[in-house]
Amino acid sequence: MGGPRKVTVAIDGPAGSGKSTVSKEVARRLGYAYVDTGAMYRSVALLGMRAGLAPTDREGFIARAAAARMEFRVIGAGQRFFVNGEDLTDAVRDPEVGALSSPVSAILEVRKHLTAAQQRMAAGGGVVMEGRDIGTVVCPHAEVKVFVTATPPERARRRYLEVKAKGEDVTQEQVLAEISERDQRDSSREVAPLRRAEDAVELITDGLSIDEVVARITEMVREAEAR
Ligand code: DC
């Protein structure tokens with residue numbers, strides 16, 4: 001007898017919603033693979049930056065997206081992100097890379113290459129995939145779809161605490177302005193904009209602990225596995 005069947009879990013939401021922390025923990029509890037699609041977009045930006053591409057060089061970014069071999073490898077208790085055999089887990093977190101990844105992720109052909117790679121990674125189920133268009137475009141047939149969000153002031157507050165803890169000098173107003181700008185760009189772009197899939201469950205995380213959000217999603221997955 002096999003165990004319960006493994007399903008696909010699509011988690012989308014804006015920056016600062018807490019979806020990364022939550023997705024990672026849900027995957028850990030379920031023994032599922034975790035795919036951070038934001039890291040994949042960030043890596044295309046990073047490869048372009050290293051090659052000295054101008055931010056407007058669409059063809060340059062498309063060529064890098066087409067040639068990149070991306071893999072998430074489980075190492076010990078954690079997971080690392082490799083591109084063309086190089087561990088870029090930490091390098092893609094650079095704020096400059098993050099800023100460039102937003103326009104890079106708006107290039108249609110870049111999205112086509114990464115969407116195809118993500119669909120291959122999700123093919124067997126047993127995966128928690130996190131991003132902006134997972135429930136709408138990448139895995140429209142995912143058994144569990146969640147749209148994790150929080151009000152902009154709450155996301156700004158969390159982000160501010162995070163940045164402050166790293167010793168950077170910013171104000172909460174600056175963080176709120178940055179978040180609003182990124183939301184605007186990610187939701188208004190023509191290709192695969194950030195939006196909730198009609199059949200996704202929306203979780204507004206203001207006032208909820210990480211543990212509460214994780215518990216709710218894990219329960220949804222258990223129910224889907226038993227169906
Ligand atoms: O979640 P993140 O900050 O690591 O994402 C980096 C950028 O990539 C962000 O501007 C949104 C974009 N992105 C996307 O367009 N589609 C995804 N599935 C994931 C990220």
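Preceding this paragraph is the structure being described.
Here the structure is a predicted model, which means the values were calculated and not measured.

What counts and how
Residues numbered from 1 in each chain as written. Predicted model: local features only at pLDDT ≥ 70, side-chain atom pairs only at ≥ 80, totals over all residues. Heavy atoms only, no water. Pairing = 2+ DSSP bridges. Helix = DSSP H or I, 4+ residues; strand = E, 2+ residues; numbered from the N terminus. Contact = heavy atoms within 4.5 Å. Near = heavy atom within 4 Å. Polar contact = N/O pair within 3.5 Å; in protein donor to acceptor, adjacent residues only side chain to side chain. Areas by Shrake-Rupley, 256 points an atom, 1.4 Å probe, with all protein chains shown as cover. Nonpolar A, V, L, I, M, F, W, Y, C, P; charged D, E, K, R; others polar.

Another point: the sheet that holds strand β4 (residues 78-83). Strand order in this open sheet of three strands is β3-β4-β5, and the pairing throughout is antiparallel. Bordering the open sheet on either side are β3 (70-75) and β5 (86-87), each of which pairs with just one other strand. Where β3 meets β4, six bridges bridge the pair, whose relative direction is antiparallel. In the strand pairing of β4, Phe72 is matched with Phe81.

This part takes up the environment of Leu194. By the element assignment, Leu194 lies in the loop between α8 (172-188) and β8 (201-204). Along the backbone, Leu194 and Phe72 are 122 residues apart, and their C-alpha atoms lie at a distance of 23 Å. Leaving out residues up to four positions away in the same chain, Leu194 has contacts with Gly13, Pro14, Arg132, Phe147, Asp186 and Ser187.

Contacts to the ligand come from 14 residues, most closely from Arg42, Arg111, Arg132, Asp133 and Arg189. Contacts to the ligand include Thr37, whose side-chain N or O atom sits 3.0 Å from a nitrogen atom. At 3.3 Å from an oxygen atom of the ligand is found a side-chain nitrogen or oxygen belonging to Arg182. Relative to its unbound accessible area of 450 Å², the ligand is 96% covered by the protein chains. Broken down by secondary-structure element, the contributors of at least two residues to the shell around the ligand are α2 (37-50), α4 (95-104) and α8. Looking at which element gives the most residues to the shell around the ligand, the answer is α2, with four residues. By residue class, the composition of the shell around the ligand is one nonpolar, six polar and seven charged.

The values reported here are purely geometric and, on their own, carry no functional implication.
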